[in-house]
Amino acid sequence: SRVQQQLALWAQNVKADAERLVPVRTGYLQRSIYAKSQEWQIEVGAQADYAAAVEFGTKNMIAQPYLVPAVEAYLPNLERVLLDALDLAKAEAQL
């Protein structure tokens, strides 16, 4: 559906922004960032074992967020996609 395509595009945009924001030493963390979409579910994350430590920090390392800022930057866009989906569903249901 059109909405599912928009959700997949949203996830890809968040992924691209996270890849831009992530600190790069070897590039492994940056390459491990992924976006998945299946029907109405979307997931953006990083597979590197130390991804959360970089995002949130540890007692020995300051946080260097890259996923949360990417998601936050695109939240208004996601809201628009979801509101459009609701409007489309209402129209189809003739409400």
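This write-up is about the structure you can find in this document. Source: prediction; values computed, not measured.

About the cut-offs
- Residues numbered from 1 in each chain as written.
- Predicted model: local features only at pLDDT ≥ 70, side-chain atom pairs only at ≥ 80, totals over all residues.
- Heavy atoms only, no water.
- Core = buried A, V, L, I, M, F, W, Y, C linked by side-chain atoms within 4.5 Å.
- Buried < 20%, exposed > 50% of the residue type's maximum accessible area, 1.4 Å probe, protein only.
- Helix = DSSP H or I, 4+ residues; strand = E, 2+ residues; numbered from the N terminus.
- Contact = heavy atoms within 4.5 Å.
- Salt bridge = Lys/Arg side-chain N within 4 Å of Asp/Glu carboxyl O.

**Looking at the nonpolar core**
Soluble globular proteins: nonpolar side chains tend toward being buried together.
Then step 1. The biggest cluster of nonpolar side chains holds 17 residues, and the ones touching the most others in it are Ala18, Leu29 and Tyr66.
Then step 2. Those elements that provide at least two residues to this core are helix H1 (2-21), helix H3 (51-56) and helix H4 (67-93).
Then step 3. Discounting residues that sit within four places of it in the chain, Ala18 has contacts with Ile33, Tyr66, Leu67 and Ala70.

**Remarks on the pattern of salt bridges**
Then step 1. Within the structure shown, the criterion is met by three salt bridges.
Then step 2. The salt bridge partner of Glu19 is Lys15, with a shortest N-O separation of 2.9 Å. With Glu19 and Lys15 both in helix H1, this residue pair falls four residues apart, about one helical turn.
Then step 3. The class of Lys15 is buried, set by a relative accessible area of 19%.

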